[in-house]
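What follows is each chain in one-letter form.
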Amino acid sequence: RGLYDAGCQNLTNIDVSEVVIRQMKERNSSRRPNMTFQVMDATQTTFDDSYFQTVLDKGTLDAIMTDTDERTLETADKMMSEIGRLLTCGGRFLCVSLAQAHVLEKLVGHFSQGGFMIRVHQVMQGSTSESDSQFPMPVFVFVMTKVRQISGFPTVLEMMPDEEGGKPARWASPEELMEAVKERQRYALIRNRLNQNQSSQEISLDLCDGDSRKSRYTFYIVDNPTVRLSHSNHFAIFIIPQGRETEWLFGSEQGRRQLSGSVGFRRLIIVALHRDQQYTDMKAIQSELSAKVLELAPPGLPDHQQIPFLSAGEDIGARTIQHRGKSDFSGEYVVEDVKGDGNSSYRRLIFLSNQNVVQSEARLLPINTHIGQK
């Protein structure tokens, strides 16, 4: 009905149930005369090849694939092959799905074998309210565009970003695309858990750079239910200065919990900055993170609440990598210079397999800039 009322009126609807088709005809025949309904099996239709420009499935594949039995998988393959037959070149198959693991694998696996471009949109974040806690998973729309198969033409596999106006992320393999979908699902589960006040343990997650896809920030989310709430102490963000993430207060769960207790907020997100990423200043970091941290805010946060950004110093610290290497025994390592308290600087050896532990450290003496006269 929504598509028809929005102006897309040349619609053909099918269902295997005669009862459903009869009811739909009765409800729509007078108000929506151009919308037709037919009793038909989606795995074996009677339409000609290339008959449709668009095929829309809202949950049918999810309903079919209740398990991974051989007969179930064969039925799903028949349905998807039939959709491919019905579409014109340039036509699109839109599949609305919760993308459970076995459905995701079958859907992406089938259409990535050739002849289709795949783009994934997340259209619902998943519930974060207590009243809707039984439906925490996000909803996706998989857009499969039928193209002419050209030898050597790469498979296009894309995931649209969370924010509007962003560029789609392009993936090199179906496995990478499916992992991106699963990451969105895991994030939705984390948000749901946080909003159901089930976060007695620390939760951590990585926020990646959109271009390099390397970790840019790590969030440690610590709830402190012993804090008595007032208007202004619901939520805060603490930025660890670069080079200080190895200190016990920031680099261990016990330390971060102590930090949470000392600052006096019900929920504290402690943010670590990563190597190989450039950060301008605290203001730029605050601007970059403001929208994302609000998604992780505790329930009951007052409207238009100012979210404080805290740190252990006046700036975001400094880190300079002086050398990179790889050891057969310990793996990759870096030698880096970091700024400590006051004017102190240190040179450290860090094995990247255990980045929160300093293997060795030496304090750097200030360079003597005095020039003597003869």
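Parameters at a glance
- Residues numbered from 1 in each chain as written.
- Predicted model: local features only at pLDDT ≥ 70, side-chain atom pairs only at ≥ 80, totals over all residues.
- Heavy atoms only, no water.
- Helix = DSSP H or I, 4+ residues; strand = E, 2+ residues; numbered from the N terminus.
- Buried < 20%, exposed > 50% of the residue type's maximum accessible area, 1.4 Å probe, protein only.
- Contact = heavy atoms within 4.5 Å.
- Areas by Shrake-Rupley, 256 points an atom, 1.4 Å probe, with all protein chains shown as cover.
- Lys, Arg positive; Asp, Glu negative; His and termini not counted.
- Charge placed at Lys NZ, Arg CZ, Asp CG, Glu CD.
- Pairing = 2+ DSSP bridges.
- UniProt positions renumbered as here; feature names shortened; annotations may be inferred.
- Salt bridge = Lys/Arg side-chain N within 4 Å of Asp/Glu carboxyl O.
- Phe/Tyr/Trp six-rings, centres within 6.5 Å; stacked < 30°, edge-to-face > 60°.
- Lys NZ or Arg CZ within 6 Å of the ring centre and 35° of its normal.

Asks: Break down the overall build of the protein chain for me, with residues and values.
Replies: On a plain count of helices and strands, the protein chain comes out with nine helices and 17 strands. Projected onto its principal axes, the C-alpha coordinates of the protein chain cover approximately 100 × 55 × 40 Å. Counting the 374 residues in the protein chain, one finds 40% classified as buried. A separation of at least 24 residues holds for 64% of the contacts in the protein chain among residues at least 6 apart in sequence. Carbon and sulfur atoms provide 47% of the accessible area of the protein chain, an area that totals close to 22,100 Å². Placing the 42 positive and 47 negative side-chain charges of the protein chain at their respective mean positions leaves the two points 3 Å apart.

Asks: Can you explain the sheet that holds strand β8 (residues 169-170)? Please cite residues and give values.
Replies: Ordered by their spatial adjacency, six strands build an open sheet running β3-β4-β6-β5-β7-β8, and the pairing between neighbours is mixed. Strand pairing shows two members of the sheet lacking a second neighbour, β3 (52-58) and β8, which therefore form its edges. Taken together, the two bridges between strand β7 (residues 157-159) and β8 define a ladder with antiparallel strand orientation. Within β8, the residue paired with Met159 across the bridge is Ala169.

Asks: Which residues make up the side chain of Gln242, and what values go with them?
Replies: One can find Gln242 in the loop between β11 (235-239) and α7 (248-251). What Gln242 contacts, discounting residues up to four positions off in sequence, is Leu273, Tyr279, Ile316, Gly317, Ala318, Arg319 and Lys339.

Asks: Give a description of the UniProt feature "domain: Methyltransferase" (unreviewed entry) in the protein chain that names residues and reports values.
Replies: Residues annotated in UniProt with the feature "domain: Methyltransferase" (unreviewed entry) correspond here to residues 7-79. The span residues 7-79 shows a helical share of 36% and a strand share of 23%, and its end C-alpha atoms are spaced 28 Å apart.

Asks: Give a description of the pairing of strand β14 (residues 319-327) that names residues and reports values.
Replies: Note: β14 against strand β15 (residues 331-339), eight bridges, orientation antiparallel. Counterpart to Arg319 in the pairing with β15 is Val338. Between the end of β14 and the start of β15, which pair antiparallel, lie three residues.

Asks: Talk me through the pattern of salt bridges; I want residue IDs and the actual numbers.
Replies: As enumerated under the stated definition, the model contains 20 salt bridges in all. The closest approach of N and O atoms between Asp223 and Arg267, which form a salt bridge, is 2.6 Å. Of the two residues, Asp223 sits in strand β10 (residues 215-223) while Arg267 sits in strand β12 (residues 267-273), which places them 44 residues apart along the sequence. Assigned by exposure class, Asp223 and Arg267 land together as buried. Notably, a salt bridge pairs Arg319 with Glu336, separated by 3.6 Å at the nearest N-O pair.

Asks: Now, about the pairing of strand β9 (residues 203-208): what can you tell me, with residues and values included?
Replies: One face of the sheet, then the other: side chains in a regular strand alternate in exactly this way. Alignment of β9 against β10, held across six bridges, turns out to be antiparallel. Within β10, the residue paired with Cys208 across the bridge is Ser215.

Asks: I'd love a proper account of the side chain of Thr72, names of residues and values included.
Replies: Here Thr72 is to be found in helix α4 (residues 70-86). Setting aside residues up to four positions removed in sequence, Thr72 forms contacts with Ile64, Met65, Thr66 and Asp67.

Asks: Lay out the packing of aromatic side chains with the relevant residues and their values.
Replies: Aromatic ring pairs: the centre-centre distance and the angle between the two ring planes describe each pair. According to the stated counting rule, one finds nine aromatic pairs in the structure shown. Between the aromatic rings of Phe111 and Phe116, the centroid separation amounts to 4.9 Å while the plane-to-plane angle is 80°, which identifies the pairing as edge-to-face. As far as the burial class goes, Phe111 and Phe116 line up, both buried. Look at Phe140 and Phe142: their rings are 6.3 Å apart centre to centre, the planes differ by 50°, and that puts the pair in the tilted class. The class for Phe140 is buried, based on a relative accessible area of 0%. Over the aromatic face of Tyr220 sits the side chain of Arg256, whose NZ or CZ is 3.7 Å from the ring centroid.

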